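Reading the structure
Below, each chain spelled out in residue letters.
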Amino acid sequence: MLAKIHKEMAYKVISDYPKSNALIFLLNGIAKPEWKTDQKTKIKWLKEWMDMPDNSKHGSKLKNDHSYKLTKEKGKFRIVFAKTGADQATVIARLKYAARDLKEWQVEEEYRTCALELAKSIHWVVDVSTPPHTSFGWDSNKKVNYHSKIEKDFDTVWEKYYDKSKIKFGRKNEIDDIYRWAKRFVEAKYDRNIELLEMYKTKKSILKNKGGQLGRDVIQDLAQNLADYLAYIDKKINFDSVVKKV
């Protein structure tokens with residue numbers, strides 16, 4: 001998604017998360033204590049780190065994160081890979097590896113690096129939760145970029161569609177295996193994602209009418225997935241414990 005979803009909405013969910021040490025851990029990990037960084041700058045840097053894989057400023061080699069998408073043929077899912085074999089890492093796999101890495105940094109007692117890995121991993125939760133990154137066809141038209149169109153629309157309406165009261169926070173048992181959780185979600189939302197694609201092909205959008213409700217559902221799913229992911233990470237590293245060490 002574009003910057004506002006990766007930065008502003010992701011930060012909003014983390015800020016709304018009832019356990020404040022999740023946000024404090026991330027903000028403290030962004031800057032070393034001796035830098036004496038003010039809070040406003042920490043927040044700005046955190047948002048940048050969450051957008052890191054799509055931000056050339058950080059020189060990321062993880063730019064091509066959309067190589068694995070799903071299509072459905074005769075009722076069965078089929079994987080569609082990227083055109084080059086070197087880039088066949090999936091959005092779901094990147095999330096799995098990122099969650100594994102941040103746990104390893106915590107075990108190594110490298111708490112600042114752990115916080116930075118958590119910030120970067122949030123990027124993949126956003127991508128897993130949104131239509132153009134997991135279902136095939138959004139980039140198939142050379143003349144019209146449906147992928148870009150729906151991203152711009154989500155950035156426009158996310159604040160309007162976001163509803164904190166509908167988020168179930170603290171569900172630590174919702175995720176057991178991160179890969180299976182993400183895969184299950186992507187498959188469950190496939191039909192809706194394709195319905196949205198077909199709407200965009202007929203010049204409709206998520207800005208109003210039925211498209212508006214579908215767009216609202218995507219934003220709610222994204223918010224819930226981020227909340228569940230934070231609860232899962234809390235179970236792995238314990239925010240109350242690590243926040244004292246970063």
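Everything discussed here concerns the structure shown above.
Everything quoted here is computed from the prediction, not taken from an experiment.

Right, let's get into the side chain of Asp 228. Mapped onto the secondary structure, Asp 228 falls in helix 9 (residues 209-237). Separated by 2.8 Å, the side chains of Asp 228 and Arg 171 make a polar contact.

What follows concerns the pairing of strand 2 (residues 76-80). For strand 1 (residues 69-73) and strand 2, the ladder comprises 5 bridges, and the chain directions are antiparallel. Opposite Glu 73, over in strand 2, you have Lys 76 as the bridge partner. Counted along the chain from strand 1 to the antiparallel partner strand 2, the turn is 2 residues long, and its residue Lys 74 has a positive phi close to 55 degrees.

This next bit is on the packing of helix 7 (residues 178-188) against helix 9. For the pair helix 7 and helix 9, the least separation of the axes is 13 Å and the interaxial angle reads 170 degrees. When the axis of helix 7 is compared with that of helix 9, the two are roughly antiparallel. On helix 9, the residues that touch Ile 178, Trp 181 and Phe 185 of helix 7 are Asp 221, Asn 225, Tyr 229 and Tyr 232. Looking at the contact of helix 7 with helix 9 residue by residue, the classes come out as 5 nonpolar, 1 polar and 1 charged.

The next point concerns unusual backbone geometry. Residues other than glycine seldom take positive phi values, yet Lys 36 does so here, at roughly 55 degrees. Examined against the element boundaries, Lys 36 turns out to sit in the loop between helix 2 (21-30) and helix 3 (39-50). For Lys 36, a relative accessible area of 74% corresponds to the exposed category.

Moving on to helix 8 (residues 190-201). Look at helix 8: 17 Å from first C-alpha to last across 12 residues, which is about the 16 Å you get at 1.5 Å a residue. For helix 8, the complete set of buried residues consists of Tyr 190, Arg 192, Asn 193, Ile 194, Leu 196, Leu 197, Met 199 and Tyr 200. If you follow the buried residues of helix 8, they end up packed against strand 1, strand 2, helix 6 (146-161), helix 7 and helix 9. One or two steps after helix 8, the chain reaches Lys 203, where phi turns positive at roughly 65 degrees.

Cut-offs applied
- Residues numbered from 1 in each chain as written.
- Predicted model: local features only at pLDDT ≥ 70, side-chain atom pairs only at ≥ 80, totals over all residues.
- Heavy atoms only, no water.
- Helix = DSSP H or I, 4+ residues; strand = E, 2+ residues; numbered from the N terminus.
- Polar contact = N/O pair within 3.5 Å; in protein donor to acceptor, adjacent residues only side chain to side chain.
- Pairing = 2+ DSSP bridges.
- Axes fitted to C-alpha atoms, helices over the stretch in contact; angles between N-to-C directions.
- Parallel < 35°, antiparallel > 145°, perpendicular 65-115°, else oblique.
- Contact = heavy atoms within 4.5 Å.
- Nonpolar A, V, L, I, M, F, W, Y, C, P; charged D, E, K, R; others polar.
- Buried < 20%, exposed > 50% of the residue type's maximum accessible area, 1.4 Å probe, protein only.
- Expected span 1.5 Å × (residues − 1).

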